[in-house]
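Read off the chains here:
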Amino acid sequence: MLPIYGIYLMAVAALARKALGLTGRPAVRKIVLFDPSVGPDRLHSIVEACGGRLKKALPLINGAACVFPGEEQAISLLARAGEVKWVEDDFMVSIVKERFVRPRPKPRQQSMPWGVKRILAPGCWDRTTGKGVRVAVLDTGIDMNHPDLKSNVRGGYDTINERPDPTDDNGHGTHVAGTIAALNNGFGVVGVAPEASIYAVKAFDSRGQGQVSDIVQGVEWCVQQKVNIINMSFGTRESSKALTLAMEKAAAAGIIMVAAAGNEGRQDSVLYPGRDPNVMAVAATTPDDRIASFSSSGREVAISAPGEDVPSTYKGSTYKTTSGTSMACPHVSGVAALILSAVPTLTRDEVRKAICGTAIRLSGFSAEQQGAGLVSAQAALRAALQLAR
């Protein structure tokens, strides 16, 4: 039996832990959205007054990622109705994971990926190669030293660790980047827009996971850097007010956003942010012009692109062939880069109109499965040039 003073000390310690919110319950991470009138200093003090700690400021949406000792403290923010507009979980989001990943031997000479050929991108290269267009890959980072990419990678940022080192420790982001802008250099593979400028925005870790606040901060970085296009090969079934606001801000800045529809393989299964009206959701097609069995469908699907057995660059200066709507998405981002390089005065809505208005309808598949149809780089470029007249 414990002596009486031991019991007393345990009781005092328990009371102290309760007062500090250290009751053994796991801390909770929330995104808090504030009224536009609330400045950075006031924001910080509000969070602290409710027992929280500021983890990451999110000026783009006048919010912050915060850590609280428990749900009660986080919910207490809602009592400040005039200053706090919304509180939500800062939940984990995953890349739309590749399917059927397999290594690809390093080519002795350059090969043309079937998807790049199928969307007729090479037919545009005498007129446009994406030069001067800034494309952000919001993903797991990029292998910055990959010989088939490094001349086109112009910078980036790691929002997880908040540092300018977006090295890819997963491989997914490097694969996406290669489809957009692998160099036309005589070896390896070639991308849709082989002279586009690529920016690596690392918001997902080695396991392909990142929190909503990391993604929002990545979008903010893209707005600050004045990128033209954001490729988003990730998705979640759960909606987020913070992510929606970030999409709205990026759209207001004129940025074209392209996202993977998802690999759910069923009806009404398009993932966020692809479900967002400001985003073009991309379904995946096969080499025989069918919609891939794994591709998500729904009224939010805007367009389709090659997404099965897609060869591209990979981390460690290697190459891999993978499948998924993650692989379809960068084909469309590459086409958008070709268009903007040729006609830089077009608005984001005009680029979308050129892409979706000229797509090739696939027989036997509904609009919810394919959107407007299979993207055609040549037809989209012709339409864009007509719009500019």
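As shown above, the structure is provided for reference.
1. Let's talk about the overall build of the protein
Helix and strand content of the protein: 11 helices and 17 strands. A compact globule built from 389 residues should have a C-alpha radius of gyration of about 21 Å, and the protein, at 23 Å, falls within 12% of that. Viewed in the frame of its principal axes, the protein has a C-alpha envelope of about 85 × 45 × 40 Å. The buried share among the 389 residues of the protein stands at 57%. Counting only contacts in the protein whose residues sit at least 6 apart along the sequence, the fraction spanning at least 24 positions is 76%.

2. Notes on the sheet that holds strand β2 (residues 53-58)
Within the open sheet, the 4 strands sit side by side as β2-β3-β1-β4. Their pairing is antiparallel. Across the chains shown, the open sheet's two edge strands, defined by having one partner strand only, are β2 and β4 (84-89). With direction set aside, neighbouring strand axes in the sheet form an average angle of 25°. Relative to strand β3 (residues 63-68), strand β1 (residues 28-34) runs antiparallel, the two sharing 6 bridges. What sits directly across from Leu33, in β3, is Gly63. Contacts from helix α6 (residues 212-224) reach β1, β2 and β3, with the element oriented near 35° to β2. Set on the sheet, helix α7 (residues 241-252) makes contact with β1 and β4; between it and β1 the angle comes to about 45°.

3. Comments concerning the packing of helix α8 (residues 325-342) against helix α9 (residues 348-356)
The contact between α8 and α9 brings their axes to 10 Å, and the two run at 115°. The chirality of how α8 crosses α9 is right-handed. Between α8, through Val332, Val335, Ala336, Ile339 and Leu340, and α9, the contact on the second element is made entirely by Val351, Ala354 and Ile355. Classifying every residue of the contact of α8 with α9 by side-chain character gives 8 nonpolar, no polar and no charged.

4. Concerning the sheet that holds strand β13 (residues 256-260)
Reading across from one edge, β8-β9-β7-β11-β13-β14-β15 is the order of the 7 strands in this open sheet, with parallel pairing throughout. Since the sheet does not close on itself, it has two edges, and those belong to β8 (153-158) and β15 (301-306), each with one partner. Each neighbouring strand pair of the sheet contributes to a mean axis angle of 25°, computed without reference to strand direction. Of the strand pairs in this sheet, strand β11 (residues 229-232) and β13 are connected by 4 bridges, and their pairing is parallel. Opposite Met232, over in β13, you have Ala259 as the bridge partner.

5. As for the packing of α8 against helix α11 (residues 377-387)
Between α8 and α11, whose axes approach to 10 Å, the crossing angle comes to 30°. As far as their axial angle goes, α11 and α8 are roughly parallel. As α8 runs across α11, the sense of the crossing is right-handed. Contacts between α8 and α11 involve Val335, Leu338, Ile339 and Ala342 on the former and, on the latter, Ala377, Ala380, Leu381 and Ala384. Of the residues belonging to the contact of α8 with α11, the class tally is 8 nonpolar, no polar and no charged.

6. Observations concerning the packing of aromatic side chains
The description of two aromatic rings rests on the distance between their centres and on the angle between their planes. Taken as a whole, this structure holds 3 aromatic pairs when the rule is applied. When the ring of Tyr157 is compared with that of Trp221, the centres are 6.5 Å apart and the planes differ by 10°; the resulting orientation is stacked. Of this pair, Tyr157 sits in strand β8 while Trp221 sits in helix α6, placing them 64 residues apart in sequence. Residue Tyr157 shares its accessibility class with Trp221, and that shared class is buried. Centre to centre, the rings of Phe204 and Phe234 are 5.0 Å apart; their planes meet at 40°, and the pair counts as tilted. Taken together, the residues span a long stretch of sequence, with Phe204 in the loop between β9 (197-202) and β10 (209-211) and Phe234 in strand β12 (residues 234-235) at a distance of 30 residues. Each member of the pair, Phe204 as well as Phe234, is classed as buried. Here a set of aromatic residues connected by ring pairs shows up, and it is made of Tyr157, Tyr199 and Trp221. Seen from the ring of Trp86, Lys241 lies directly overhead, with NZ or CZ sitting 5.8 Å from the centre. Across from the ring centre of Tyr272, 5.7 Å away, lies the NZ or CZ of Arg275, which sits over that ring.

7. Description of α7
Taking 1.5 Å as the rise per residue, α7 with 12 residues should run 16 Å; its terminal C-alpha atoms sit 16 Å apart, in good agreement. For α7, the set of buried residues is Ala242, Leu243, Ala246, Met247, Ala250 and Ala251. Of the residues that open α7, the one with a side-chain oxygen 3.3 Å from the backbone nitrogen of Ala242 is Ser240. Of the residues flanking the end of α7, it is Gly254, one or two places downstream, whose phi is positive at about 85°.

The rules behind the values
- Residues numbered from 1 in each chain as written.
- Predicted model: local features only at pLDDT ≥ 70, side-chain atom pairs only at ≥ 80, totals over all residues.
- Heavy atoms only, no water.
- Helix = DSSP H or I, 4+ residues; strand = E, 2+ residues; numbered from the N terminus.
- Rg over C-alpha atoms; globule rule 2.2 N^0.38 Å.
- Buried < 20%, exposed > 50% of the residue type's maximum accessible area, 1.4 Å probe, protein only.
- Contact = heavy atoms within 4.5 Å.
- Pairing = 2+ DSSP bridges.
- Axes fitted to C-alpha atoms, helices over the stretch in contact; angles between N-to-C directions.
- Left-handed = near helix turned anticlockwise from the far one by under 90°.
- Nonpolar A, V, L, I, M, F, W, Y, C, P; charged D, E, K, R; others polar.
- Parallel < 35°, antiparallel > 145°, perpendicular 65-115°, else oblique.
- Phe/Tyr/Trp six-rings, centres within 6.5 Å; stacked < 30°, edge-to-face > 60°.
- Lys NZ or Arg CZ within 6 Å of the ring centre and 35° of its normal.
- Expected span 1.5 Å × (residues − 1).
- Polar contact = N/O pair within 3.5 Å; in protein donor to acceptor, adjacent residues only side chain to side chain.

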